[in-house]
Amino acid sequence: MFEDAMTSVAAHSRVRDALGPGLRVESEPDKVVYRIHEGIAEVYLGWHVQGAVGKAEVQVKATGS
């Protein structure tokens with residue numbers, strides 16, 4: 001999930017505009033939560049990224065039945 005999310009984030013035009021080219025992971029996911037909510041599994045991840053001109057925190061939620 002982490003690798004797929006990073007690929008999508010790095011390719012997103014708004015992210016490239018805001019953070020600049022060369023987006024990379026500043027730190028591995030330090031916020032990981034897994035829970036079952038109303039019978040559905042949910043996973044949350046959070047980590048920091050850095051581009052040529054800025055930094056940001058990425059937060060991703062995935063659900064599946």
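Before any of the text, the structure's been laid out above.
The structure contained in this document is the topic of the report that follows. These numbers come from a predicted model, not from an experiment. (Residues numbered from 1 in each chain as written. Predicted model: local features only at pLDDT ≥ 70, side-chain atom pairs only at ≥ 80, totals over all residues. Heavy atoms only, no water.)

**Thoughts on the pattern of salt bridges**
Then, number 1: Under the criterion given, the structure shown has four salt bridges.
Then, number 2: The partner of Glu42 in a salt bridge is Arg35, and the shortest N-O contact between them spans 2.7 Å.
Then, number 3: Arg35 sits in the partly exposed class, given a relative accessible area of 35%.
Then, number 4: Of the charged contacts in the structure, one is a salt bridge between Lys61 and Glu42, with a shortest N-O distance of 3.7 Å. In this pair, Lys61 sits in strand S3 (residues 55-64) while Glu42 sits in strand S2 (residues 40-50), placing the two residues 19 residues apart along the sequence.
Then, number 5: Its relative accessible area of 48% is what places Lys61 among the partly exposed residues.
Then, number 6: By relative accessible area, which is 6% here, Glu42 ends up buried. (Salt bridge = Lys/Arg side-chain N within 4 Å of Asp/Glu carboxyl O. Buried < 20%, exposed > 50% of the residue type's maximum accessible area, 1.4 Å probe, protein only. Helix = DSSP H or I, 4+ residues; strand = E, 2+ residues; numbered from the N terminus.)

**Topic: the environment of His48**
Then, number 1: Here His48 lies in strand S2.
Then, number 2: Exposure remark for His48: the relative accessible area of 25% places this residue in the partly exposed category.
Then, number 3: Measuring from C-alpha to C-alpha, the distance between His48 and Gly20 comes to 15 Å, with 28 residues separating the pair along the chain.
Then, number 4: Beyond its immediate stretch of four places on either side in the chain, His48 contacts Val25, Glu26, Ser27, Ala56 and Glu57. (Contact = heavy atoms within 4.5 Å.)

**Structural notes on unusual backbone geometry**
Then, number 1: In the Ramachandran plot, Glu38 falls in the positive-phi region, its phi being about 50° despite a non-glycine side chain.
Then, number 2: Position of Glu38 relative to the elements: it lies in the loop between strand S1 (24-37) and S2.
Then, number 3: Judged by its relative accessible area of 73%, Glu38 falls in the exposed class.

**A look at helix H1 (residues 2-11)**
Then, number 1: Taken residue by residue, H1 has Phe2, Ala5, Met6 and Val9 as its buried positions. Along the axis of H1, the buried positions cluster into a sector of 100°, meaning they face one direction only. The exposed residues of H1 that point more than 90 degrees off its buried face are Glu3, Asp4, Thr7 and Ala11.
Then, number 2: The inward-facing, buried residues of H1 abut helix H2 (13-19), S1, S2 and S3. (Arc of directions from axis to C-beta.)

Everything listed is a geometric property; what it means functionally is a separate question.
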